Number of protein chains: 2
Amino acid sequence: MTSDPVRLGVVGLGRAFMLMIPTFDADPRVKLVAAAAPRQESRTAFEQEYGGKGYESIEALCADPDVEAVYIATPHQMHVDHVLAAAKAGKHILVEKPLAISMEDADRMVRAAREAGVHLIVGPSHSFDLPVDLAARLIESGEFGALRMIQALNYTDFLYRPRRPEELRTEEGGGVMFSQAIHQIDVVRRLAGGMAEKVVAFTGNWDPKRPTEGAFTALMSFAGGCVANLTYSGYAHFDSDIWMNDVGELGQAKDPASYGKARRALMDLDPEEEARLKSTRTFGSGAAPIEAAHNEHFGPVIALCDRADLRLTPDGIEVFGDTERRFIEAPFGPAPRKTVVEALVRAVREDVPPVQTGEWGLASLEVCHAILRSAETGQPVALQHQCNAHQ
Amino acid sequence: MTSDPVRLGVVGLGRAFMLMIPTFDADPRVKLVAAAAPRQESRTAFEQEYGGKGYESIEALCADPDVEAVYIATPHQMHVDHVLAAAKAGKHILVEKPLAISMEDADRMVRAAREAGVHLIVGPSHSFDLPVDLAARLIESGEFGALRMIQALNYTDFLYRPRRPEELRTEEGGGVMFSQAIHQIDVVRRLAGGMAEKVVAFTGNWDPKRPTEGAFTALMSFAGGCVANLTYSGYAHFDSDIWMNDVGELGQAKDPASYGKARRALMDLDPEEEARLKSTRTFGSGAAPIEAAHNEHFGPVIALCDRADLRLTPDGIEVFGDTERRFIEAPFGPAPRKTVVEALVRAVREDVPPVQTGEWGLASLEVCHAILRSAETGQPVALQHQCNAHQ
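Residue positions within a chain follow its written sequence, with the count starting from 1. For naming, the first written chain is A and the first written ligand is 1, with later ones following in the order written. Reporting of local features is limited, given that this is a predicted model, to residues whose pLDDT is at least 70; pairs of side-chain atoms are given and counted only at 80 or more, and all residues count toward the totals for whole chains, interfaces and linings. Excluded from the side-chain calculations are hydrogens and water; all other atoms, namely the structure's heavy atoms, are used.

Would you explain the packing of helix H6 (residues 130-141) of chain B against helix H7 (residues 176-192) of chain B in this entry?
If you want to describe how two helices pack, look at the angle between their axes and the distance between the axes. All names here are of chain B. Only the stretch in contact is used when a helix axis is fitted, and all axes are lines through C-alpha atoms; the angle between N-to-C directions ranges over 0 to 180 degrees. Every helix listed is a DSSP run of H or I at least four residues long, and every strand listed is a run of E at least two residues long, numbered separately from the N terminus. It is the contact of H6 with H7, at a shortest axis distance of 8 Å, that shows an interaxial angle of 25°. Judged by the inter-axis angle, H6 sits roughly parallel to H7. Here H6 contributes Val132, Asp133, Ala135, Ala136, Arg137, Ile139 and Glu140 to the contact with H7, which in turn contributes Val187, Arg190 and Leu191. Each residue gets one label: Ala, Val, Leu, Ile, Met, Phe, Trp, Tyr, Cys and Pro are nonpolar, Asp, Glu, Lys and Arg are charged, and the others, such as Gly, are polar. Here the contact of H6 with H7 is composed, by residue class, of six nonpolar, no polar and four charged. To sort the angles, those under 35 degrees are grouped as roughly parallel, those over 145 as roughly antiparallel, those from 65 to 115 as roughly perpendicular, and the leftovers as oblique. Here, two residues are considered to be in contact whenever any of their heavy atoms come within 4.5 Å of each other.

What follows is the structure in structure tokens.
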């Protein structure tokens, strides 16, 4: 397999691509052969680094016969056009979460991939994290009895990282719902088997200077009776990484002395300066990739089963059993997101779809919208487009 | 004040009384002058320890003119009769949570106290914990802006501590709702100001051998827009004290090596043996009081305000502000529950009611019932009997 890597074309060389670099660099099962990006400096940097071809548009990239599959890492609102273009060209697709912003777009994308006979994978999301994958398999095995409840919480500085203006407008996919809730939903759906039935939620939109959802809290019930409790705040106060062994979302050791950094960096910046600051985090801008020493995570997660509670940590699963505690390691490897590459390789080479298909991504997106609707109406919202996690 | 302590009669010398002993022993503002208990050995132990008088019934105790106020620490289902008897005798009352099991009983008790012109205080509950009290005052001060959200969670071994049979029957006040949820509700109501509006919840009843609620998860919304997220599990697996500096509910240092102790102690016991094991934890049975070195707590609590998140710990409040973290100590003193004594003394001597009045206890009880009803119907339940925390 190593001698015949999947030949991947990257669309978008921004922050999302940056976070995939350590994996692409370390996993021999994939090879970057092309990239599409609007900025010349990014394309040049890509060509120098990977020896692949730089294109100005996704159409040009998709016309390259050497590209087997495309990784779409563009801003949310562009996913729909880019997925449709890739499907039309008959390329397999890995598209960043969220699949889309509107359900209509998501539906068009899923249908386009199906009609073109290509695999559509939505990821990476934190449901690919090794400890999540391990926990899901442990739960599925039945070793600990029925899964009854999941508690997931995450307190980050998301809302105060540098943003482009549209990233602070909910209707354009801004705020924590489409960028962050989608992760947590993906994680709990992965653990609970996917078939959510109902959600009831409250959202927080508390900073007039950044007028979009910065927090939410929700209860989701699943077929079979499991219930998940989700809480997220991106308001850069409490940092739940202190309950994750001081390991950050990307697996990096976190320095407690850096508290308040995100808010401080934004002070007195106008939107244009802020967007410029964000662009310093993209490929070709000289920004260094994150140095991880642990698996990625999305905050504390406890999964309550009949015979044990499973606590997910950046290094594995702590099993709190009836009479004893033990730890099951999820070894951190050189390719932090190898599960994403695995999903891609199995789809492209063995025609085996992953859990996180287009249908799966659409189902997670449905929950985001249901949270917004429930918060508006104060009522539980029934879900209609869920799918299960069986592979 | 010290030279003229409140002369208290204790009704019930079981586990609840045991947990008050360190406070009664250390706080000179209260003096135990009488006790009522059905068992001779408890009464004798009380007389020897405190020099007060032992009575066989609450009526006899209440006829003692030396008794100014009574502390009712009997099993839940007896609270109603005992509160009515004390009110009838014109004694001020401190009654253990929950005030009652049924709303009808709670209502009768509140009316009886009002008609008799005596103070009715419901406690101790964890809303009296020093860090909770401190956080409530900080929030009320407005220093951190509006309170937006509260996250409260607690994972304990409650369901596997030794129980009398009725403590495992919900309709008789058993399970986690009336003994444990009531604490968490009291804490979040104290922080949010008391006026809950709606609750939506799920409950867990997962062990056929202990067929009562052992877990729940709920969202409560408050007047003013704050929302609280509550989760509790008493299934003796994950232990959230690891997120409270390894300090237990009663302020004691916890030995991680004792994991699984509660379940192990119950193995192979029949209900009668279990009830006998429980009775070894009462007064006069030789059980030692808990040795606390920190304030009591009821699991991790995060209160999100506009300008800071407050994290409650057993030693105070960690303030996660916009650009810096700081710690406000809640000093642990020799009388762990001095706030309860304070409430009693102020009510009896200065005619100032505490936050935790009978009306307050009835309002918290209403939420317990609303959680059960919401879990049954799958719908949010509107609350009708709330009161605020203004003193």
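That shown, we press on.
I would appreciate a short explanation of the interface of chain B and chain A in the present structure.
Interfaces are often sized by the amount of accessible area the parts lose when they come together. With 50 residues of chain B at the contact, the number on the chain A side is 50 residues. Between chain B and chain A, a total of about 4,300 Å² is buried, with carbon and sulfur atoms accounting for 66% of that surface. A side-chain nitrogen of Lys or Arg and a carboxyl oxygen of Asp or Glu constitute a salt bridge if their distance falls within 4 Å. Remark: the boundary between chain B and chain A carries two salt bridges. The closest approach of N and O atoms between Arg263 of chain A and Asp322 of chain B, which form a salt bridge, is 3.3 Å. If you list the elements that add at least two residues to the side of chain B that touches chain A, you get strand S7 (147-155), strand S8 (196-204), strand S9 (215-222), strand S10 (227-233), helix H8 (261-266), strand S11 (301-305), strand S12 (308-313) and strand S13 (316-321) of chain B. Defined in terms of a 1.4 Å probe, buried area is the accessible area two parts forfeit on being brought together, summed over both.

Explain the sheet that holds strand S4 (residues 69-72) of chain A here, please?
Where strands meet in a sheet, backbone hydrogen bonds hold them as pairs that are either parallel or antiparallel. All names here are of chain A. Taken in spatial order, the six strands make up an open sheet running S3-S2-S1-S4-S5-S6, and their pairing is parallel. Among the strands making up the open sheet, the edge pair consists of strand S3 (53-55) and strand S6 (120-122). Averaged over neighbouring strand pairs, the angle between their axes works out to 25° when direction is ignored. For two strands to be treated as a pair, DSSP must find at least two bridges joining them. In the sheet, S4 pairs with strand S5 (residues 92-95) via four bridges, with the strands oriented parallel. For Tyr71, the partnering residue across the bridge sits in S5 and is Leu94. Where helix H1 (residues 15-26) meets the sheet, its contacts fall on strand S1 (6-11), strand S2 (30-36) and S4, and the angle it forms with S4 comes to roughly 130°.

Please clarify how the domain arrangement of chain A should be interpreted in this entry.
All names here are of chain A. The split into domains, and so the bounds of each, comes from an automatic or database assignment of domains. When cut into domains, chain A gives domain 1 (6-126 + 337-357) and domain 2 (130-334 + 367-382). Centre-to-centre separation of domain 1 and domain 2, based on C-alpha positions: 23 Å. In this assembly, 31 residues from domain 1 lie in contact with 29 residues from domain 2. Both faces considered, domain 1 and domain 2 share a buried interface measuring about 2,600 Å² in area, 62% of it formed by carbon and sulfur atoms. The tally of links from domain 1 across to domain 2 stands at one salt bridge. Across the salt bridge formed by Glu296 and Arg337, the nearest N and O atoms sit 2.8 Å from each other.

I'm lost on the side chain of Ser364 of chain A in this one. Help?
Residues and elements named next belong to chain A. Looking at the secondary structure, you find Ser364 in helix H11 (residues 358-377). Note on classification: 1.4 Å probe, protein chains only; a residue is buried when its accessible area is under 20% of the maximum for its type, exposed when over 50%, partly exposed between these limits. The class of Ser364 is buried, set by a relative accessible area of 1%. One polar contact links Ser364 to Asp186, side chain to side chain, over a distance of 2.6 Å. As used in this structure description, the phrase polar contact means that two N or O atoms lie within 3.5 Å; if the pair is within protein, one of them must be able to donate a hydrogen and the other to accept it, and residues adjacent in sequence are counted only when both atoms belong to side chains. Separated by 2.8 Å, the side chains of Ser364 and Arg189 make a polar contact. In this structure Ser364 touches Ile182, Ile185, Asp186 and Arg189, once residues within four positions along its chain are discounted.

I would appreciate a short explanation of the UniProt feature "domain: Gfo/Idh/MocA-like oxidoreductase N-terminal" (unreviewed entry) in chain A in the present structure.
UniProt positions are given in the numbering used here, feature names are shortened, and annotations may be inferred rather than shown by experiment. The sites that UniProt annotates as "domain: Gfo/Idh/MocA-like oxidoreductase N-terminal" (unreviewed entry) are residues 7-123 of chain A. Taken as a whole, residues 7-123 of chain A contains 44% helix and 22% strand, while its terminal C-alpha atoms sit 17 Å from one another.

How should the relation of the copies chain B and chain A be read in this particular structure?
For the pair chain B and chain A, the superposition axis carries a translation of 0.0 Å, the fit reaches an RMSD of 0.0 Å, and the rotation angle comes to 180°. Those values place the two copies in the arrangement expected of a two-fold rotation axis. Closest approach to the rotation axis within chain B is made by the C-alpha atom of Trp243 of chain B, at a distance of 3.3 Å. Comparing interface residues between copies, 100% of those in chain B also sit at the interface in chain A, which points to an isologous, same-surface contact. Superposing the copies works by least squares over the C-alpha atoms of residues that have pLDDT at least 70 in both of them.

How should I be thinking about the confidence of the model for chain A in this particular structure?
It should be kept in mind that the predicted coordinates are not to be read in detail where pLDDT is low. The predictor's confidence in any single residue is recorded as pLDDT, a number from 0 to 100. Residues at a pLDDT of 70 or more form 99% of chain A, whose mean pLDDT is 95. Complex prediction metrics read pTM 0.97 and ipTM 0.96.

Is there a simple way to think about the packing of aromatic side chains in this case?
Given two aromatic rings, one states the distance between the centres and the angle between the planes to describe the pair. Centres within 6.5 Å make a pair out of two Phe, Tyr or Trp rings, where for Trp the six-membered ring is used; the pair is then stacked when the planes are under 30 degrees apart, edge-to-face when over 60, and tilted otherwise. As enumerated under the stated definition, the model contains 27 aromatic pairs over all chains in all. Centroid distance Phe24 of chain A to Tyr71 of chain A: 5.7 Å. Interplanar angle 65°. Geometry classified as edge-to-face. With Phe24 of chain A in helix H1 and Tyr71 of chain A in strand S4, this pair connects stretches of sequence that are 47 residues apart. Summarising the burial analysis for this pair, Phe24 of chain A and Tyr71 of chain A share the class buried. Ring centres of Phe216 of chain B and Tyr232 of chain B lie 6.4 Å apart, and the angle between their planes is 10°; this geometry places the pair in the stacked category.

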